[in-house]
Structure formats: structure tokens, C-alpha cells
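# Close look at the chain arrangement
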Amino acid sequence: LSQKSIYNIVDESITFSELEDFKDVAIKNYSKGMSTRLFLSLITALPTDLLILDEVFDGADEFFKIKFQSRLQNIIEASKATIFINHDSHMLKHYINRAIVIDQGEIVFDGNPLKGFFLYQSKNTKPQETP
């Protein structure tokens, strides 16, 4: 990318993340939520061949999550392949078209997202103990 393109991506990401008032503050001084907003905005600024999203909303506030959802959908559709690692059932049900469940390093399921989610839940839900 040209230097101008990089500056445009950074500027757009700062605007999208609503951090214009903090663009002169060192990132190390950002809160977790501010960092999450900026990084999510940066990594979704351009489509890629492979997009890996691992627990992307950790630290993001609810208002930004809502704002970010359509951008995330667009970048997933524009990317050739997306790996979406998450434990949020709503996110998984909304964004994925294939699920892979891994248990102790082994693939135990590869297929329909809803079936994969139910299998994951059943493997990770412990029965209630009676007193």
C-alpha cells in the first residue's frame, strides 16, 4: 500500500472507532475498550484473503459491538476465508456457515454450525450436583 493509503486507513479507523479526541495519545495509555475499538477498526479496514478473528469483542463495549456488526459482516463476506474463534453463541450463530469443534486437540465435529454448537455445549456443560 502507498503511504497515502495507509494514512487513509488509519484516519478512517480512528473515525470509525470514535477515538478522534485521543489520536495524539500513546496507544499504551488507551483503556482496553479503546484499544479494542481501534484494533477492530484497523483489522477490518480492508478485505483480506484470510481473516482470523479470535475472541474479537473481548473488551469492546455494547455500543461499539452493535456499530461494528455490519462492518464485520461486510468484511467476512469480502474476505476469501474467515476463521472465527468465539464462545459467544449469538456471534457464532450469526456469522458462521461451518463449525469445527476441537476437544483436547482433536477435531470431534466438522459441519453444520448449529449441530456443532450444541455438541460444544454438551461437552462443556457439567451436570448440576445435588446437595
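Residues numbered from 1 in each chain as written. Predicted model: local features only at pLDDT ≥ 70, side-chain atom pairs only at ≥ 80, totals over all residues. Heavy atoms only, no water.

### Notes on the overall build of the protein chain
Here is the rule we go by: Under the DSSP-based scheme used, a helix requires at least four consecutive residues in state H or I and a strand at least two consecutive residues in state E, with every element numbered from the N terminus. C-alpha atoms define the radius of gyration, and 2.2 Å times the number of residues to the power 0.38 defines the globule rule. Relative accessibility thresholds used throughout: buried, under 20% of the residue-type maximum; exposed, over 50%; partly exposed, between the two (1.4 Å probe, protein chains only). Working rule for contacts: check all heavy atoms of both residues, and any pair within 4.5 Å makes them a contact. For the purpose of counting charges, residues Lys and Arg are taken to be positive, whereas Asp and Glu are taken to be negative. His and the chain ends are not included. The atoms used to mark charge sites are NZ of Lys, CZ of Arg, CG of Asp and CD of Glu.
Of regular secondary structure, the protein chain possesses 5 helices and 4 strands. Taken against the 2.2 N^0.38 rule, which gives 14 Å for 131 residues, the C-alpha radius of gyration of the protein chain at 18 Å runs more than 25% over that of a compact globule. Oriented by its inertia axes, the alpha-carbon framework of the protein chain measures out at about 55 × 40 × 25 Å. Taken over 131 residues, the protein chain has a buried fraction of 29%. For the protein chain, long-range pairs separated by at least 24 residues make up 49% of all intrachain contacts whose partners lie at least 6 apart in sequence. Of note, the protein chain has its 14 positive side-chain charges centred 2 Å away from the centre of its 18 negative side-chain charges.

### Brief notes about the packing of aromatic side chains
Threshold: In this scheme Phe, Tyr and Trp rings, the latter by its six-membered ring, pair at centre separations within 6.5 Å, and the angle between planes marks the pair as stacked below 30 degrees, edge-to-face above 60, and tilted otherwise.
Taken as a whole, this structure holds 5 aromatic pairs when the rule is applied. Measuring from centroid to centroid gives 5.7 Å for Phe-64 and Phe-68, while their planes differ by 25 degrees, and the two rings are stacked. Of this pair, Phe-64 and Phe-68 both sit in helix α3 (residues 62–78), 4 residues apart, roughly one helical turn. With a relative accessible area of 0%, Phe-64 lands in the buried category. For Phe-68, a relative accessible area of 0% corresponds to the buried category.

### Digging into the pairing of strand β2 (residues 81–85)
Side chains on a regular strand alternate between the two faces of the sheet. Worth spelling out the cut-off: Strand pairing requires that DSSP identify at least two bridges connecting the strands. Crossover handedness is defined here as right-handed if the route from the first strand over the helix to the second strand goes clockwise, with the strands pointing away from the viewer.
With 5 bridges joining them, strand β1 (residues 50–54) and β2 adopt parallel strand pairing. Bridge assignment links Leu-50 to a residue of β2, and that residue is Ala-81. In the classification by handedness, the crossover that spans β1, the intervening α3 and the parallel β2 is right-handed.

Limitation: the analysis is restricted to geometry and does not speak to function.
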